[in-house]
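Survey of secondary and tertiary structure
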Amino acid sequence: EDLDQLPLPALDLMDMGFYTQRTDGVVRRHNLKATIVLTSRGCRHRCRFCAESVTYGRGVRHHSPEYVLAWIGQLIDRYQVDGIYFHDNDFLVNEERARAICQGLIDAGWHRQIKWCIQARAERIHVDLARMLKAAGCVLVEIGVETGAQPELDRVGKGTTPDLNREAIALCRRAGLDVHAYMLT
């Protein structure tokens, strides 16, 4: 239950030279020496197409901002990464935690060293938060838009609207963040 009880990943047991090769495939459209981190488990939603709540159970568990920042510090210091993909299902599910991580990146000066991206739900994005993400070094927000048709959104249990998705994308763009929209086909 308490993810902070887990030690930081034993990255020294992996071929980090291989796993941090410069690529534009981790943080889309940015050629970086990047890696992926997973700082939470689970999702509060039950979209019909997603197995996240089945895999991790209903609800969300997080590493603390302190744990996340220690992990990022290790990645920067030991492996010289300049890109991070937060693979959390919804990085913004706990806004206070997301803001604490952003502030920690700024306080450490890492917002000038790394570019990073997140996955988030459209309803969590608002002007102030988008600006803070940008200030902290975030360059890309990936949003599960899924479809532009309300009947389809309702059918899959997404709990959003096309207008909400459009507004979230516009807010990100106005803040200077790139957006990647996930779509169901």
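Heads up: the structure comes first, above all this text.
Read on for an overview of the structure. (Residues numbered from 1 in each chain as written. Predicted model: local features only at pLDDT ≥ 70, side-chain atom pairs only at ≥ 80, totals over all residues. Heavy atoms only, no water.)

**As for helix α3 (residues 65-79)**
In a regular helix each residue adds 1.5 Å, so 15 residues correspond to 21 Å; α3 covers 20 Å between its end C-alpha atoms and thus fits that length. α3 sits mainly inside the fold: 11 of its 15 residues count as buried. Among the residues of α3, Pro 65, Tyr 67, Val 68, Leu 69, Trp 71, Ile 72, Gly 73, Gln 74, Leu 75, Ile 76 and Tyr 79 are the ones counted as buried. Directly after α3, the chain includes Gln 80, whose backbone phi takes a positive value near 50°. (Helix = DSSP H or I, 4+ residues; strand = E, 2+ residues; numbered from the N terminus. Expected span 1.5 Å × (residues − 1). Buried < 20%, exposed > 50% of the residue type's maximum accessible area, 1.4 Å probe, protein only.)

**So, the pattern of salt bridges**
Evaluation of the coordinates by the stated rule reveals 11 salt bridges. We note a salt bridge from Arg 121 to Glu 123, for which the minimum N-O separation is 2.6 Å. Looking at Arg 121, the relative accessible area reads 7%, which means it is buried. The class of Glu 123 is partly exposed, set by a relative accessible area of 30%. The closest approach of N and O atoms between Glu 167 and Arg 174, which form a salt bridge, is 3.4 Å. The class for Arg 174 is exposed, based on a relative accessible area of 59%. (Salt bridge = Lys/Arg side-chain N within 4 Å of Asp/Glu carboxyl O.)

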